[in-house]
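If you want the building blocks of each chain, they are given just below.
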Amino acid sequence: MKSLNEIIAQFPEVGKVGEIIPLTAGLINQTYKVQTEDPQACDYILQCVNHQVFKDVELLQHNIECVTRHIREKLEKAHETDIDRKVLRFVPTAEGKTYYFDGERYWRVCVFIPESQTLEAVTPESSYLVGVKFGEFEAMLADLPEKLGETIPDFHNMEFRLESFKEAIASNKSGRLEKVQWMVDELLKRSDEMCKAERLYREGKLPKRITHCDTKVNNMLFDENGKVLCVIDLDTTMPGFVLSDFGDFIRTAGNTGKEDDKNLDNVNLNMDIFRSFAKGYIESARSFLLPIEIENLPYGAKLLTYMQTVRFLTDYIDGDCYYKIQYPEHNWQRSQAQFKLLQSIEEHEKEMQNYIQSLI
């Protein structure tokens, strides 16, 4: 197995390494900050790509290269300043690839953006800024000429998730079905409505765009003054519905409780977060959105929450094979908390629709 220094040496631009510091942030990829000896030179981020999740690293890096190049060209055309802090740049190997395979693992290096920070806390103010930036991100990529592939096939495909759910129910590997049957019934009752996006796509009414597919507040860099710099964590950037990007932020940031909250009374939709994010998102994305996309944004919040409920419950019925658990009933607790959020979103759906209409 090659040492980290040997791996970094495959990316000649980096130069002499001073210190390599492990970073704890990030659940999927193993990440390090590489400090160079030259105080005038930039530092770098070294990542070991999780090949179990991203099985086609060539495709993964192709997508990222196309996206970052296109955004950089847009920023240059708009005569933006400080461009190197507003878009990620991945460093090539001596062979010109943006990844290196050491015989066992895949590695990549990108330039570290100085004086930047991520935010963990979600407020109406930060939600508005994130909404503007994610809308702007999609708008910039609306005319991307290259074809991107799916880095995780069927990631947000509700029909696919329901097939897996039904297979889990039929096999009942863990013998837990009887206990959760009431929730199974509730979810299957909603299944036809929740496959609406895929049907509209087949009918040619709902387009697929280039979407981020992981729209969390900590997937954005801010400068020292709290101003948004750029979108990061581009691994799941691929063709998808804008409803997914909109809905996943509301699912994660608009929850008044925790994703696995044991007190379900804590779990509700935070309408202040919804309104702030929606306002920012519509401001920057309405230039390219179709009316059918705009009117279905609240449905996107419902869809992604339903999808996550299905995924947690599928894993629970299957015997906890996918998600890491901290105690035996963890996936069941997650399922209940997500279902409670789904019910809250359903209760607020008309209010959400009215607010979206007021913005346009």
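The structure this text deals with has already been given above.
Cut-offs used in this document
Residues numbered from 1 in each chain as written. Predicted model: local features only at pLDDT ≥ 70, side-chain atom pairs only at ≥ 80, totals over all residues. Heavy atoms only, no water. Disulfide = S-S within 2.5 Å. Pairing = 2+ DSSP bridges. Helix = DSSP H or I, 4+ residues; strand = E, 2+ residues; numbered from the N terminus. Contact = heavy atoms within 4.5 Å. Axes fitted to C-alpha atoms, helices over the stretch in contact; angles between N-to-C directions. Core = buried A, V, L, I, M, F, W, Y, C linked by side-chain atoms within 4.5 Å. Buried < 20%, exposed > 50% of the residue type's maximum accessible area, 1.4 Å probe, protein only. Left-handed = near helix turned anticlockwise from the far one by under 90°. Nonpolar A, V, L, I, M, F, W, Y, C, P; charged D, E, K, R; others polar. 1 Å grid on protein atoms, 1.4 Å probe; cavity = no way out; pocket = protein on both sides within 12 Å on 5 of 7 lines; lining within 4 Å. Points joined across faces, edges and corners; volume = space filled by probe spheres on them. Phe/Tyr/Trp six-rings, centres within 6.5 Å; stacked < 30°, edge-to-face > 60°. Lys NZ or Arg CZ within 6 Å of the ring centre and 35° of its normal.

1. What about the state of the cysteines?
(1) Moving on: This structure, assessed with the given rule, holds 0 disulfides.
(2) Moving on: Cys48 carries a free sulfur, and the closest cysteine sulfur to it, the one in Cys110, is 14 Å from it.

2. So, the sheet that holds strand β5 (residues 106-111)
(1) Moving on: Across the sheet, 5 strands lie side by side as β1-β2-β3-β5-β4; this open sheet has antiparallel pairing. Bordering the open sheet on either side are β1 (17-23) and β4 (100-101), each of which pairs with just one other strand.
(2) Moving on: Along the sheet, helix α2 (residues 57-77) contacts β3 (44-49) and β5; its crossing angle with β5, the most-contacted strand, is approximately 15°.

3. What to know about the nonpolar core
(1) Moving on: Of all hydrophobic cores here, the largest spans 96 residues; its most connected members are Met158, Phe165, Phe246, Phe274, Leu313 and Ile317.
(2) Moving on: Setting aside its immediate chain neighbours within four residues, Phe165 contacts Val184, Leu187, Leu188, Val310, Leu313, Thr314 and Ile317.
(3) Moving on: Phe11, Val17, Tyr100 and Val111 belong to the second-largest nonpolar core, a separate cluster that totals 15 residues.

4. Some details on the packing of helix α5 (residues 177-189) against helix α12 (residues 330-347)
(1) Moving on: Following both chains from N to C, one finds α5 and α12 inclined at 35°, their axes separated by 12 Å at the closest point. Crossing angle aside, the handedness with which α5 passes α12 is left-handed. Along the contact surface, α5 presents Lys179, Val180, Trp182, Met183, Glu186 and Leu187, while α12 presents Trp332, Ser335, Gln336 and Phe339.
(2) Moving on: Residues that form the contact of α5 with α12 fall into these classes: 6 nonpolar, 2 polar and 2 charged.

5. Some words on the sheet that holds strand β9 (residues 228-231)
(1) Moving on: Spatially, 3 strands are ordered β6-β8-β9 in an open sheet, and the strand pairing comes out antiparallel. Either end of the sheet is taken by a strand with one partner, and the two such strands are β6 (116-117) and β9.
(2) Moving on: Here 3 bridges tie strand β8 (residues 220-223) to β9, and the two strands are oriented antiparallel to one another. If you follow Leu221 over to β9, its bridge partner there is Cys230.
(3) Moving on: Along the sheet, helix α3 (residues 124-141) makes contact with β8 and β9, crossing β9 at roughly 45°.

6. Remarks on unusual backbone geometry
(1) Moving on: Although it is not a glycine, Glu115 adopts a positive phi angle of roughly 50°.
(2) Moving on: By the secondary structure assignment, Glu115 is in the loop between β5 and β6.
(3) Moving on: A relative accessible area of 57% places Glu115 in the exposed class.
(4) Moving on: Non-glycine residue Asp320 carries a positive phi angle of around 65°.
(5) Moving on: Within the secondary structure, Asp320 sits in the loop between α11 (297-318) and α12.
(6) Moving on: Residue Asp320 is classed as buried on the basis of its relative accessible area of 17%.

7. Re the layout of surface pockets
(1) Moving on: If you add up the space inside the second largest pocket, you get close to 270 Å³.
(2) Moving on: For the second largest pocket, the lining is made up of 13 residues, of which Glu80, Lys133, Glu136, Val228 and Leu229 are closest to its centre.
(3) Moving on: Of the residues forming the lining of the second largest pocket, the biggest block, 5 residues, is contributed by α3.
(4) Moving on: Grouping the constituent residues of the lining of the second largest pocket by class yields 7 nonpolar, no polar and 6 charged.

8. Structural notes on the packing of aromatic side chains
(1) Moving on: On inspection of all chains with the given rule, the structure shows 14 aromatic pairs.
(2) Moving on: The positively charged end of Arg176 is found above the aromatic ring belonging to Tyr316, 4.1 Å away from the centroid.

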